[in-house]
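Close look at the chain arrangement
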Amino acid sequence: MTTTASLIETEYRLGAHNYKPLDVVLSRGEGVYVWDMEGNRYLDCLSAYSAVNQGHCHPKIFKAMIEQAQKLTLTSRAFRNDQLAHFYEEIAALTGSHKVLPMNSGAEAVETAIKAVRKWGYEVKGVAEDKAEIIVCSNNFHGRTMGIVGFSTDPDARTGFGPFAPGFKVAPFGDIDAFREAITENTVAFLVEPIQGEAGVIVPPAGYFAGVRELCTKYGITLILDEIQTGLGRTGKLLAEEHEGIEADVTLIGKALSGGFYPVSAVLSNSEVLGVLKPGQHGSTFGGNPLACAIARAALKALTEEGMIENSARMGERFQTGLRDIRSNIIKDVRGRGLMLAVELVPEAGGARKYCEALKARGILAKDTHGDTIRIAPPLVITEDQVDWAVEHFAAVLASA
Ligand SMILES: *Cc1c(COP(=O)(O)O)cnc(C)c1O
């Protein structure tokens, strides 16, 4: 018989152990809620790392997916399809980008940007062959490919996986002087997250990104913002760069670009960077396929036409205020923007994992990160009542300690 326990046992026996999930086996989702095999309901406070901003199984995205799947799913880019141009037009209009390159996973979008920006460095900026440098930040998270883990500073992400590709320099996140010092004549790009999500929702000091933008413009450095997690409404704006009053040269999006239905990512560029890629120099069998494009178009439409970005700003404010009002001696910090939130616990609390287990027992799924931090990122369709309900349970779990 298929039981929760038997599925967990089978996963453990046959699967690689590269994740350590909470022991809840989900079988259904709708809006902000998911249900396990026993029919218990949970408020999803992770949203698949912000891939289901539009809520689980959004009916309009579902409809677009089914309709497109019945017509045409994959052509490869050897031929054209009737969805790609519409996707380009809509994403470009929404974000003000001039060029778009569609990929599948977030990591692929990051890799694509790295390739493009290096080539741009040689062909446009005039950097000597194989000398291009890209500055990244400490505690960055940009994905799991060999190229990306090579410039991670997280020992778990990189230890044992070398040798790694050269050409990356690490500067502390949020430190404008350190960024300035890392710049050389060979610097082609700065790759950075507007808010570091995996690092524990680290919001940079005010003015940091204005300074970064100024230095990038001054020294001809391509500013690449990885908005794969912060983008598409998560922080209460379409893109998190809007909080900083700046514009990136290259923006990476993924995750919620499909509302959780399919892997869809994209490199958006408002400079000449993507222009250096010529036929045969980059590609992907599934990138830009008609099913992906149809899903992404519906996902973007849901996000903008149903007021989800505004709701993210309002509910985020309410959620954060509610969390700040909790009286507890184990809360060290509450931070975030929009519905990208985190509660950091004091070390004496004994780690965030057990509080996530306690929340699970009360019908809330949240993720511990870096030991002492609970990340909170519900779908952007969450209501006031649902926020208040969640805050009550966070208060009960954190105050009882
Ligand atoms: C999730 C994430 C990625 C990687 O996306 P995948 O689809 O998992 O490859 C890259 N950057 C950031 C900021 C992310 O949150």
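Relevant structure appears above.
Figured I'd write up the structure that's included with this text. (Residues numbered from 1 in each chain as written. Predicted model: local features only at pLDDT ≥ 70, side-chain atom pairs only at ≥ 80, totals over all residues. Heavy atoms only, no water.)

Topic: empty space enclosed by the protein
Over the atoms rolls a probe the size of a water molecule, and in doing so it shows where empty space is left. Across all of its chains, the model carries two cavities of 30 Å³ or more by this definition. Each pocket or cavity is described by its volume, and for the largest cavity that value is around 50 Å³. Lining the largest cavity, in full, are Leu46, Tyr49, Ser50, Val201, Gln229, Met340, Leu341, Arg375, Ile376 and Ala377. Elements that contribute at least two residues to the lining of the largest cavity include exactly helix 2 (47-50), strand 12 (340-345) and strand 15 (373-376). Grouping the amino acids of the lining of the largest cavity by side-chain chemistry returns seven nonpolar, two polar and one charged. Estimated volume of the second largest cavity: approximately 40 Å³. In the lining of the second largest cavity, the residues fall into four nonpolar, four polar and one charged. (1 Å grid on protein atoms, 1.4 Å probe; cavity = no way out; pocket = protein on both sides within 12 Å on 5 of 7 lines; lining within 4 Å. Points joined across faces, edges and corners; volume = space filled by probe spheres on them. Helix = DSSP H or I, 4+ residues; strand = E, 2+ residues; numbered from the N terminus. Nonpolar A, V, L, I, M, F, W, Y, C, P; charged D, E, K, R; others polar.)

Overview of the site of the ligand
Every residue close to the ligand is listed here: Ser105, Gly106, Ala107, Phe141, His142, Gly143, Glu193, Asp226, Ile228, Gln229 and Lys255. Take lysine 255: an N or O atom from its side chain is 2.6 Å from an oxygen atom of the ligand. If the ligand stood free it would expose 390 Å²; the protein chains cover 81% of that surface. (Near = heavy atom within 4 Å. Polar contact = N/O pair within 3.5 Å; in protein donor to acceptor, adjacent residues only side chain to side chain. Areas by Shrake-Rupley, 256 points an atom, 1.4 Å probe, with all protein chains shown as cover.)

Focus on the sheet that holds strand 5 (residues 133-137)
Within the open sheet, the seven strands sit side by side as 4-10-9-8-7-5-6. Their pairing is mixed. Each edge of the open sheet carries a strand with a single partner, namely strand 4 (99-103) and strand 6 (168-171). Each strand axis lies, on average, 20° off the axis of its neighbour in the sheet, ignoring direction. With three bridges connecting them, strand 8 (residues 222-226) and strand 9 (residues 250-253) associate as parallel partners. Its bridge partner being in strand 9, leucine 225 is matched across the sheet by threonine 251. (Pairing = 2+ DSSP bridges. Axes fitted to C-alpha atoms, helices over the stretch in contact; angles between N-to-C directions.)

So, the packing of helix 4 (residues 84-95) against helix 11 (residues 290-305)
With their axes 9 Å apart at the nearest point, helix 4 and helix 11 run at an angle of 30° to one another. Overall, the two elements helix 4 and helix 11 adopt an arrangement that is roughly parallel. Judged by the sense of rotation from one axis to the other, the crossing of helix 4 with helix 11 is left-handed. Residue-level contacts link Leu84, His86, Phe87, Glu90, Ile91 and Leu94 of helix 4 to Cys293, Ala296, Arg297, Leu300 and Thr304 of helix 11. By residue class, the composition of the contact of helix 4 with helix 11 is seven nonpolar, two polar and two charged. (Parallel < 35°, antiparallel > 145°, perpendicular 65-115°, else oblique. Left-handed = near helix turned anticlockwise from the far one by under 90°. Contact = heavy atoms within 4.5 Å.)

Details of the packing of aromatic side chains
To describe a pair of aromatic rings, one takes the distance between the centres and the angle between the planes. On inspection of all chains with the given rule, the structure shows seven aromatic pairs. Centre to centre, the rings of phenylalanine 151 and phenylalanine 168 are 4.4 Å apart; their planes meet at 35°, and the pair counts as tilted. Separated by 17 residues along the polypeptide, phenylalanine 151 in the loop between helix 6 (146-149) and helix 7 (155-158) and phenylalanine 168 in strand 6 bring together distant segments of the chain. Through a chain of ring-to-ring contacts, three or more aromatic side chains come together here, namely Phe173, Tyr208 and Phe209. Looking at arginine 28, its charged tip hangs above the ring of tryptophan 35, at a distance of 3.9 Å from the centre. The ring of tyrosine 33 has arginine 41 sitting right over it, with the charged end atom 3.9 Å from the ring centre. (Phe/Tyr/Trp six-rings, centres within 6.5 Å; stacked < 30°, edge-to-face > 60°. Lys NZ or Arg CZ within 6 Å of the ring centre and 35° of its normal.)

On their own, these measurements won't tell you what the molecule is for.
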